Amino acid sequence: MQQSFSIFPFNPPGDSAALRADVRAFLSLHQAKLGVPNCWVVADAEFSRALGAAGFLGMVLPQSAGGHDRHPLERYIVIEELLAAGAPVGAHWIADRQTAPLILRYGSEEAKARYLPPICRGELYTCIGLSEPGAGSDLAAVRSTARLTTEGWRLSGQKIWTSGAHISHVMLALMRSEEGSERGAGLSQFLIPMDAPGVTIRPIIDMAGEHHFNEVFFDDVLLPEWALVGTRGAGWAQATAELALERSGPERYLSSHVLMTALIDFAGSEPEPRLRALIGELTAELWTLRQMSLSTAAKLAAGEDPMVEASMVKDLGNSFEQALPQRVQALVDCPSSRDDDVARLMRALLIAAPSFSLRGGTREIIRGIIARGLGLR
Amino acid sequence: MSEQRTLLCDTAQAVFAEAATAGLAPIEAAGFAQLLIAESNGGFGGDWGDVFAVLRIAGAKVPHLPVGELIIGGEISQPIGAFIRVAQAAGAMDAALAMSIDYTNTRQQFGKPLSKFQAVQQVLAVFATEAAAVNVAGAAAAAALDRANGDVDAALFEIAAAKLRTNQAIGQATAIAHQVHGAIGFTKDYDLHKLTGPLLNWRSDYGNDTHWAAVLGGIAAKLGGAGLWAEITRRG
């Protein structure tokens, strides 16, 4: 009988409870930094270095690369604890989640030696150069170019909506390396030092007044040959495989979790019926999403492609974390003069939430991927 | 899935196909009432994961028959009844989804199959995701019952969450199933109502949304914010 979701058991090796306790002990030492809404885009280099020193970054990388040879599901336990606590993990998030695994798998020896150890120490941060002015949801429309010359690669063009470019040391960019190529063919991935001559970063301030994303310009940027990641011309396949890492994690439903925590604390042990019901509904949805996310992580860890499952978790999770502040607002009286945790977090998340179903692939693109999995397109 | 469970599901598929017209008799004759009874007592020695797998198929093939009540036997407690309905709904929803995909891939309008319209693709993606949520929640509730050796109180958190999430999904899933089928799905002759009719009733059975939201909300409030997260992660 047809099944809408393949279920994989979440069985990390070792003592999960002890690992979880270790993370919570670490977090208790950094209490003042916690409780941040949408915390995985909030950078705190000091916190990232502390995480690195504690062995919580580069967990799945080999020790030879500065990592810790841990299982992907052990890493999952660590990151879900960090996210649930609202820890400011934004500085290293992309490097630890996807750039490091990609460099390990496809990168040159020079790239591995140069970049992986500092990523594991929480000292080197990366950003993802995908979107361009003419290539948003339609990523295959990428036009920025890379040309191989006798001196090395020369890059020209522009990226936009690049989160964290201004705090990153390196960008992993998708560029058109083959002249005259179209769509997904002829693309390659490159590691670009953000301080290379010819790289210009301009901030784009978001509607909350925050500086997260940027425009990045490449004016004849010269890179050594080893900056190419993986196979020349195979960038599309590598970048889309990377999306499985980008879209499958618990950050796709936990961005508003600190508000849920604050709401429950505000409600007390005997909340009035409507508040109690809202907490019950949110708990059922959170618990179900977590089960779906655990299964997806387990499928990915088993070496299978969870593209459809990851898309389902992301779509459902984004809708959950996006609706949460509005559901709180509808029930709890939070005039603008109120400034306790519930009101403060609610207001911050109301403004941040529209981005949840845009970043990492819009809701419409994600549902299109699910529809393809269903055999509709 | 274990080999034993695969065999069990194959048997259930065959027996329930017969039961679709013959009623409960073939299901009783095949011994499904002994599913949870220990092998040492002459039963099948199955676990709650097996019950979930069988009831999922029952929800798809014989949603009108009280298969869960037959398997459990005797008086059905509200949480166990809720678990039964979650399992049936998981199967019925996947079956209604399969019908919807098949129909929209076949039915042509404006010179192409309905499934080629993005508006249709997008709502079916939502449907599939809701069905997935119910299937995952039900399987996790079964796993909780197995960890608790069938102690309903020890698995109440998961059962409450699964039934509430299923109730939420039923509204959206049945609405989309009917919407993409158009008028034909609203007729007595077309089989969609054999799935959506029971699904709509199951939302009320053994605790509606308000009931389970109060139960789960009460548990969560007593745990407190950080306590709820600790409890969710402790339970697995």
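Computed from a predicted model, the values in this text were never measured in an experiment. Residue positions within a chain follow its written sequence, with the count starting from 1. In the order they appear in the text, chains get letters beginning with A and ligands get numbers beginning with 1. Local features in this predicted model are restricted to residues whose pLDDT is 70 or higher, and side-chain atom pairs enter the listing and the counts only when it is 80 or higher, whereas totals over whole chains, interfaces and linings include all residues. Side-chain metrics in this entry use all non-hydrogen atoms of the structure; hydrogen atoms and water are not considered.

Draft legend 1. Broad picture of helix α7 (residues 257–267) of chain A. Residues and elements named next belong to chain A. Taking burial as the measure, the 11 residues of α7 include nine buried ones, the bulk of the element. Burial status follows relative accessibility: with a 1.4 Å probe on protein chains alone, a residue under 20% of its type maximum counts as buried, one over 50% as exposed, and anything between as partly exposed. The secondary structure listing takes helices from DSSP runs of H or I that are at least 4 residues long and strands from runs of E that are at least 2 residues long, numbered from the N terminus. The set of residues buried in α7 consists of H257, V258, L259, M260, T261, A262, L263, I264 and A267. Just beyond α7, the residue with positive phi is G268, at close to 75 degrees.

Draft legend 2. Geometry of helix α5 (residues 78–106) of chain B. Relative to the 42 Å expected for 29 residues at 1.5 Å per residue, α5(B) spans 41 Å between its end C-alpha atoms, a close match to the ideal helical length. Where burial is concerned, most of α5(B) is hidden: 23 out of the 29 residues are buried. One less than the residue count of a helix, multiplied by 1.5 Å, gives the span that helix is expected to have.

Draft legend 3. Region of interest: the packing of helix α1 (residues 16–28) of chain A against helix α3 (residues 72–84) of chain A. All names here are of chain A. Only C-alpha atoms enter the line fits that serve as axes; for helices the fit covers just the stretch in contact. Angles between N-to-C directions range over 0 to 180 degrees. Where α1 contacts α3, the axes come no closer than 10 Å and their chain directions differ by 35 degrees. Crossing handedness for the pair α1 and α3: right-handed. Contact residues: S16, L19, R20, V23, R24 and L27 in α1; E74, I77, V78, E80, E81 and L82 in α3. Ten residue types, Ala, Val, Leu, Ile, Met, Phe, Trp, Tyr, Cys and Pro, are classed as nonpolar, four, Asp, Glu, Lys and Arg, as charged, and the remainder, Gly among them, as polar. Of the residues contributing to the contact of α1 with α3, the split by class is six nonpolar, one polar and five charged. In this scheme the crossing of two helices becomes right-handed for a clockwise turn of the near helix relative to the far one and left-handed for an anticlockwise turn of less than a right angle. Whether two residues are in contact is decided by their heavy atoms: any pair within 4.5 Å suffices.

Draft legend 4. Expanded view of the side chain of S48(A). On the secondary structure map, S48(A) appears in helix α2 (residues 45–53). Sequence-distant contacts of S48(A), that is, excluding residues within four places in its chain, are made with L57(A), A91(A), H92(A), R121(A), G122(A) and Y125(A).

Draft legend 5. Geometry of the domain arrangement of chain A. Domains assigned within chain A are domain 1 (16–124), domain 2 (128–234) and domain 3 (248–373). Between domain 2 of chain A and domain 3 of chain A, the C-alpha centre-to-centre distance is 31 Å. Each domain span listed reflects an automatic or database assignment of domains.

Draft legend 6. Spatial organisation of the pattern of salt bridges. Here, a salt bridge means any side-chain nitrogen of Lys or Arg that lies within 4 Å of a carboxyl oxygen of Asp or Glu. By the definition in use, this model includes 38 salt bridges over all chains. E285(A) is paired through a salt bridge with R327(A); the nearest N and O atoms lie 2.8 Å apart. Within this pair, whereas E285(A) is found in helix α8 (residues 273–301), its partner R327(A) is found in helix α9 (residues 307–331), the two being separated by 42 residues in sequence. Judged by relative accessible area, R327(A) falls into the partly exposed class, the value being 22%. Salt-bridge contacts for K194(B) lead to D191(B); the nearest nitrogen and oxygen are separated by 3.1 Å. For K194(B), a relative accessible area of 46% puts it in the partly exposed group. Given the relative accessible area of 40%, D191(B) is considered partly exposed. Each of R20(A), R24(A), E80(A), E81(A) and R290(A) takes part in salt bridges that share partners, so that together they form one network.

Draft legend 7. Seen up close, the interface of chain B and chain A. On the side of chain A, 46 residues touch chain B, which itself brings 55 residues to the contact. Carbon and sulfur atoms supply 69% of the area buried between chain B and chain A, which totals about 4,100 Å² over both sides. The largest contributions to the chain B side of the interface with chain A come from Q122(B), V136(B) and W229(B), which together make up 16% of the buried area. Here chain B is connected to chain A by one salt bridge. Side-chain atoms alone can form a polar contact between residues adjacent in sequence; in general such a contact is a pair of N or O atoms within 3.5 Å, and within protein one must be able to donate a hydrogen while the other accepts it. Taken together, chain B and chain A are joined by 11 residue pairs in polar contact (both at pLDDT 80 or more). Of all elements in the fold, only α3 (48–61), α5, α6 (118–147), α7 (156–181), α9 (209–223) and α10 (225–235) of chain B reach the threshold of two or more residues within the side of chain B that touches chain A. The element contributing the most residues to the side of chain B that touches chain A is α6(B), with 17 residues. Buried area is calculated as the accessible area (1.4 Å probe) missing from two parts once they are joined, with the contributions of both summed.

Draft legend 8. Local environment of the nonpolar core. In terms of nonpolar packing, the biggest core is built from 151 residues, with L82(A), F16(B), I27(B), F32(B), V67(B), M93(B) and F127(B) touching the most fellow members. With 17 residues, the top contributor of residues to this core is α6(B). Ignoring sequence-local partners within four residues, the contact set of V67(B) consists of F16(B), I27(B), L55(B), A58(B) and V62(B). With 19 residues, the next largest nonpolar core counts W153(A), M171(A), A196(A) and V199(A) among its residues. Take the buried Ala, Val, Leu, Ile, Met, Phe, Trp, Tyr and Cys residues and link them wherever side-chain atoms come within 4.5 Å; each set so joined is a nonpolar core.

Draft legend 9. Main features of the domain arrangement of chain B. Residue and element names in this part refer to chain B. The assigned domain composition of chain B is domain 1 (1–76) and domain 2 (77–236). Put simply, the middle of domain 1 and the middle of domain 2, counted by C-alpha atoms, are 20 Å apart. At the junction of the two partners, domain 1 supplies 16 residues and domain 2 supplies 26 residues. Summed over both sides, the interface between domain 1 and domain 2 buries roughly 1,600 Å², with carbon and sulfur atoms accounting for 66% of that surface. Connecting domain 1 to domain 2 are two salt bridges. One salt bridge in this structure joins D94 and R56, with 2.8 Å as the shortest N-O distance. The interface formed by domain 1 and domain 2 includes six residue pairs in polar contact (both at pLDDT 80 or more). Put simply, the parts of the chain that give the side of domain 1 that touches domain 2 at least two residues each are α3 and α4 (67–72). In terms of residue count, α3 provides more of the side of domain 1 that touches domain 2 than any other element does, eight residues in total.

Draft legend 10. Inspection of the environment of S48(A) at higher detail. For S48(A), a relative accessible area of 0% puts it in the buried group. Distance from S48(A) to G317(A), taken between C-alpha atoms, is 25 Å for residues 269 residues apart in sequence.

Draft legend 11. Geometry of the environment of D94(B). Residue placement: D94(B) occurs in helix α5. Sequence spacing of D94(B) and A128(B) is 34 residues, and the spatial spacing of their C-alpha atoms is 7.7 Å. Sequence-distant contacts of D94(B), defined by excluding residues within four places in its chain, comprise M1(A), Q2(A), Q3(A), S4(A), R56(B), A131(B) and N135(B).

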